[in-house]
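Given next are the chains, with one letter for each unit.
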Amino acid sequence: MQTTIEQAARLFLEQDNILVITGAGISADSGLPTYRGVGGLYNTGQTEEGYAIEDILSIEMFERRPELTWKYLLELEKSSRGRRPNAAHEALAYLEKKKKRLWVLTQNVDGFHHMAGSEKLVEIHGNLHRLSCTVCEHEEERDDYIGLELPPACPQCAGLIRPQVTLFGEALPYEATRVYEREMNRGFDCVVVIGTSAVFPYIYGPVVEAARHGIPTLEINPDRTELSKIVRHFLPGKAAESMLAIRRIFEEANS
Ligand code: OAD
């Protein structure tokens, strides 16, 4: 059912245990392309090398031709370079501080939720800014990939360096999955989904489950998705302006 900003804000005001699931749409308002939208990485059909992007960003390709996977990882990193978290990321970090328990589950690898200050955060597909060696224990944080020779070699052992992001065909990161399962088991009394086409079961699953159990659900997206007919509240709008408006109502109610 289509909803209003006031009704959406009421969920954030009334519920204590809130799960917010985010996808590329929340970072679109920071100027990043989405994966499946215009200009998105997945919207170009085959790459110039003749592979589908999912095949290039796969663990199999990374092991066979790391320079090719790295070429497109660099594209991903470049699309977020110099860009900043927006009002939606900031509103979620703010609300986390005000609520008893608000978790963000993101598929985004841009690190913007972390930069905005979210702490109860599961980066289920990892983070492009964290790199590690595939051979030794070496790890490093990088603001960007400027000056990185591709594919990069470990400064300690000369092994192949990779970003800590989930490639296709690879298991989800262990620690993120552990926290995800722990928090899902504790349960939530409200599930909000912002800016995702929700193609993975661990993303749409919590929304579908909540709806099935009569737990309030809210989707914020300018376009309808597969989840729009399942959620109780659908707010048609962009992430940043919607979350900023929700934050203002929340602040007003608590002043
Ligand atoms: P998609 O590109 O599939 O979907 C982006 C969603 O954001 C769409 O539903 C848009 O309508 C919506 N959107 C666009 N602009 C928006 C805005 N300003 N505010 C709110 N919503 C907006 O991106 P994801 O669903 O994040 O995984 O893609 C999921 C995963 O697919 C990615 O994490 C990636 C990819 O395969 C891996 O790389 C493992």
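First, a word on scope: everything that follows refers to the structure included in this document. The shown structure was predicted, so the numbers you read here are calculated from the model rather than taken from an experiment.

Locating S228 in the fold gives a position in the loop between β8 (217-220) and β9 (233-235). One polar contact links the side chain of S228 to the main-chain amide nitrogen of T225, over a distance of 2.6 Å. In this structure, S228 is in contact with E219 and F234, ignoring residues within four places of it in sequence.

Where helix α1 (residues 5-14) meets helix α10 (residues 239-253), the closest approach of the two axes is 9 Å, and the angle between their N-to-C directions is 60°. Classified by the angle their axes make, α1 and α10 are oblique. Both α1 and α10 take part in a crossing whose hand is right-handed. When α1 is examined against α10, the residues I5, E6, A8, A9, F12 and L13 are found in contact with a partner set consisting of S242, M243, A245, I246, I249, F250 and A253. The residue makeup of the contact of α1 with α10, split by class, is 11 nonpolar, one polar and one charged.

Turning our eyes to something else, we now look at the pattern of salt bridges. Scanning all chains against the criterion turns up 15 salt bridges. A salt bridge links E141 to R130; the nearest nitrogen and oxygen atoms lie 3.4 Å apart. Residue E141 is located in strand β5 (residues 139-141), and its partner R130 is located in strand β4 (residues 126-133); the two are separated by 11 residues in the primary sequence. Between E183 and R182 there is a salt bridge, and its shortest N-O distance comes to 2.9 Å. Of the residues examined, E183 reaches a relative accessible area of 4% and is grouped as buried.

What follows concerns the sheet that holds strand β7 (residues 190-194). The sheet built from six strands is open, its strands ordered β3-β2-β1-β7-β8-β9 with parallel pairing. On the outer flanks of this sheet lie β3 (121-123) and β9, each paired with one strand and no other. The sheet shows a mean angle of 15° between the axes of neighbouring strands, direction not considered. In the sheet, strand β1 (residues 17-22) pairs with β7 via five bridges, with the strands oriented parallel. Each bridged residue has a counterpart across the sheet, and for I18 the counterpart in β7 is C190. Across the sheet, helix α8 (residues 174-186) touches β1, β2 (101-106) and β3, and the angle it forms with β2 is around 135°.

Cut-offs applied
Residues numbered from 1 in each chain as written. Predicted model: local features only at pLDDT ≥ 70, side-chain atom pairs only at ≥ 80, totals over all residues. Heavy atoms only, no water. Helix = DSSP H or I, 4+ residues; strand = E, 2+ residues; numbered from the N terminus. Polar contact = N/O pair within 3.5 Å; in protein donor to acceptor, adjacent residues only side chain to side chain. Contact = heavy atoms within 4.5 Å. Axes fitted to C-alpha atoms, helices over the stretch in contact; angles between N-to-C directions. Parallel < 35°, antiparallel > 145°, perpendicular 65-115°, else oblique. Left-handed = near helix turned anticlockwise from the far one by under 90°. Nonpolar A, V, L, I, M, F, W, Y, C, P; charged D, E, K, R; others polar. Salt bridge = Lys/Arg side-chain N within 4 Å of Asp/Glu carboxyl O. Buried < 20%, exposed > 50% of the residue type's maximum accessible area, 1.4 Å probe, protein only. Pairing = 2+ DSSP bridges.

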